Amino acid sequence: MRTLIIEDNRELANLLSERLGARGIDSDIAGGIEEADDHMAVGQFDVIMLDLGLPDGDGIDWLRGLPADRPPVLILSARSTLDDRVTGLDTGADDYLVKPAEVEEIAARLRALIRRPGRRDPVVLTVGEVTFDTTSRQAELAGRPLAIGRKEADFLEILLRNAGKVVPRERIEGALYSAADPVTPNALEAVASRLRRRFAEAGENDILHTVRGVGYLFGNRGAS
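Let me begin by describing the structure that accompanies this report. (Residues numbered from 1 in each chain as written. Predicted model: local features only at pLDDT ≥ 70, side-chain atom pairs only at ≥ 80, totals over all residues. Heavy atoms only, no water.)

**A word on the pattern of salt bridges**
Turning to step 1, where the next piece is worked out: Counted under the stated rule, the structure contains 19 salt bridges.
Turning to step 2, where the next piece is worked out: R70 is paired through a salt bridge with D94; the nearest N and O atoms lie 3.1 Å apart. Pair noted here: R70 is in the loop between α3 (59-64) and β6 (73-77) and D94 is in the loop between α4 (82-91) and β7 (95-98), with a separation of 24 residues, a long-range link.
Turning to step 3, where the next piece is worked out: The class for D94 is partly exposed, based on a relative accessible area of 24%.
Turning to step 4, where the next piece is worked out: Here R137 and E157 are joined by a salt bridge, their closest N and O atoms 2.7 Å apart. Of the two residues, R137 sits in the loop between β9 (130-133) and β10 (138-141) while E157 sits in helix α6 (residues 150-161), which places them 20 residues apart along the sequence.
Turning to step 5, where the next piece is worked out: Classification of R137 as buried rests on a relative accessible area of 14%.
Turning to step 6, where the next piece is worked out: Residues joined in a network through salt bridges with shared partners are R137, D154, E157 and R161. (Salt bridge = Lys/Arg side-chain N within 4 Å of Asp/Glu carboxyl O. Helix = DSSP H or I, 4+ residues; strand = E, 2+ residues; numbered from the N terminus. Buried < 20%, exposed > 50% of the residue type's maximum accessible area, 1.4 Å probe, protein only.)

As structure tokens, then:
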């Protein structure tokens, strides 16, 4: 999962990003409306976390102007009155939390937003004998746990959600790395290599395929 954190308190935003990252939720950070628009123009996000009192405008006005096909929005604001919460939700927010809030609850609400019925995102992804629990971030092959790191888990989730299709490397990189991450030319290949090695160690050598010059394909080619 990737979220866009729109928060002008950089210290708080960095802390949220770090703690959510430890729970499998990667983040980009925007300090205001203009920066948020820049991120939205080039990035792909599963959910947006929105503060309301921003230096270059009000988050409510920005929310009101978002297109209908936007990601779900969680407002995280110090505005705590009933009228504030009602206004935020009536304007189009999908959830509303008052600061300060515990990171565990924020993460749980973000996960709940992308599981809502209209999105039909399953909690456990299954392709053949491979399963991946998107909440616990645990992967298994034929019921046996796979010891994979966070980047490999994020990579696997993208592949499982697009099993049988070639996923362009640009799309994968956009989901795995934030705009601030220093990404080397071979970073994605290294993640793929580590994940492929874990499958090989578990006895599966024909499931993660590199399509040169394009991206990656997940699935047993012989099964088609």
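From this point on, the discussion continues.
**Some details on the packing of α6 against helix α7 (residues 169-176)**
Turning to step 1, where the next piece is worked out: In the contact formed by α6 and α7, the axes pass within 10 Å of each other and the chain directions differ by 135°. Considered as vectors, α6 and α7 are oriented oblique to each other. Where α6 crosses over α7, the two elements pack in a sense that is right-handed. Residues K151, D154, F155 and I158 of α6 form the contact with α7, whose participating residues are I172, A175 and L176.
Turning to step 2, where the next piece is worked out: Here the residues of the contact of α6 with α7 sort into 5 nonpolar, no polar and 2 charged. (Axes fitted to C-alpha atoms, helices over the stretch in contact; angles between N-to-C directions. Parallel < 35°, antiparallel > 145°, perpendicular 65-115°, else oblique. Left-handed = near helix turned anticlockwise from the far one by under 90°. Contact = heavy atoms within 4.5 Å. Nonpolar A, V, L, I, M, F, W, Y, C, P; charged D, E, K, R; others polar.)

Interpretation in functional terms is not warranted from these geometric data alone.
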